Each structure stands twice: as C-alpha cells, then as structure tokens.
Amino acid sequence: YYTPGGTTALVLLANAASSGQVFKINQIVAANVNGTSAVNTTVSVYTNGAVAQGSAPSGGTAYPIVSTVSVPASASLIVTDKTTAIYLMEGSSITVTSGTASGITYTISYEVIS
C-alpha cells in the first residue's frame, strides 16, 4: 500500500538488479481518496529504476500500463488483475504518478518467483 505525497513518479514496487527473482504482479488498484474531485493516475513499468518504495526512479525508461487516467472521486481503478498479469524482471520497478498530492492510494498484490 502506498499513498504518494507528491505529483512526480515514485516507486511502488522495486525488484533489485541482483535479486535472482521475478515478481508476478497479480493486481494493482488505484483508489481515489481525495473524496471531492477526480484525480489522474499513471502507472508504469520502469527499467533500471529498482530503488526503494517512495523513491524517484534512478534512471531507465518508463513504459506506461495506464497513462493519465482519471479516477473519479471516491472511486477505484483496477489497473491490472490476474487476467493481465505482469512479470517484473530484475532491475525494474512499478512506478506511480498521481495528479494530486495524496489523492490516490495504490495497492499491489504480487508473487515472488525465484
């Protein structure tokens, strides 16, 4: 779970370059906790950006899963689920960008494959 306090891309989940693991992303949900207005969200797979949750990615390229999608007030967006699972390779991360500071809470469910 993570609620970014700003509006720049931040890491939700990182898979370190030398982890020896692959993460199977089962579900990502973006919940608008603003309550009064819609908030845009972008969720991306980021190459070469495997740093701690809440940190800015440290290089590489962002590949959006969803890009600037408006989440209505007090609603949720299922970004991905088991029918569209994503495999997060070593040295990559899932990043999130919210259009309003503290406006979206992100929940991620994943399995570690080693």
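In the block above lies the structure referred to throughout.
Participant: Even after reading the chapter, I still don't get the sheet that holds strand 4 (residues 62–71), so can you show me in this structure?
Facilitator: Neighbouring strands of a sheet are bound in pairs by backbone hydrogen bonds; such pairs are parallel or else antiparallel. With antiparallel pairing, the four strands of this open sheet are ordered in space as 1-7-3-4. The open sheet has two edge strands, strand 1 (10–15) and strand 4, and neither has a second partner. Neighbour to neighbour, the strand axes of the sheet diverge by 15° on average, direction disregarded. Here strand 3 (residues 39–47) runs beside strand 7 (residues 92–98); their pairing, made up of seven bridges, is antiparallel. Note on strand 7: the bridge partner recorded for Val43 is Val96.

Participant: I'm lost on unusual backbone geometry in this one. Help?
Facilitator: Most peptide bonds are trans, and most residues other than glycine sit at a negative phi. Phi at Thr68 takes a positive value of approximately 50°, unusual for a residue other than glycine. Position of Thr68 among the secondary structure elements: in strand 4. Positioned with a positive phi, Ser102 is a non-glycine residue whose angle comes to about 60°. Mapped onto the elements of the fold, Ser102 is located in the loop between strand 7 and strand 8 (104–113). Residue classification places Ser102 among the partly exposed positions, given a relative accessible area of 42%.

Participant: Help me understand the environment of Ser67 in this model?
Facilitator: Within the fold, Ser67 resides in strand 4. The partly exposed category is assigned to Ser67, whose relative accessible area is 46%. Sequence separation between Ser67 and Val29 is 38 residues; the distance between their C-alpha atoms is 14 Å. Once residues lying within four places of it in the same chain are set aside, the contact partners of Ser67 are Thr41 and Thr42.

Participant: Please explain the side chain of Asn15 as it appears in this structure.
Facilitator: Within the fold, Asn15 resides in strand 1. You can call Asn15 buried: its relative accessible area is 0%. In this structure the side chain of Asn15 is engaged in a polar contact, spanning 2.5 Å, whose partner is the side chain of Ser19. A polar side-chain atom of Asn15 sits 3.5 Å from the main-chain carbonyl oxygen of Met89. Excluding anything up to four places from it in sequence, Asn15 contacts Gln21, Val22, Phe23, Ala50, Leu88, Met89, Glu90, Gly91 and Ser92.

Participant: Even after reading the chapter, I still don't get a nonpolar patch on the surface, so can you show me in this structure?
Facilitator: On the surface, Tyr87, Met89 and Ile113 cluster together into a nonpolar patch covering about 300 Å² of accessible area. If you trace the backbone, Tyr87 turns up in strand 6 (residues 86–88).

Parameters at a glance
Residues numbered from 1 in each chain as written. Predicted model: local features only at pLDDT ≥ 70, side-chain atom pairs only at ≥ 80, totals over all residues. Heavy atoms only, no water. Pairing = 2+ DSSP bridges. Helix = DSSP H or I, 4+ residues; strand = E, 2+ residues; numbered from the N terminus. Axes fitted to C-alpha atoms, helices over the stretch in contact; angles between N-to-C directions. Buried < 20%, exposed > 50% of the residue type's maximum accessible area, 1.4 Å probe, protein only. Contact = heavy atoms within 4.5 Å. Polar contact = N/O pair within 3.5 Å; in protein donor to acceptor, adjacent residues only side chain to side chain. Patch = residues over 30% accessible without salt bridge, like charges linked within 9 Å, V, L, I, M, F, W, Y side chains within 5 Å. Areas by Shrake-Rupley, 256 points an atom, 1.4 Å probe, with all protein chains shown as cover. Salt bridge = Lys/Arg side-chain N within 4 Å of Asp/Glu carboxyl O.

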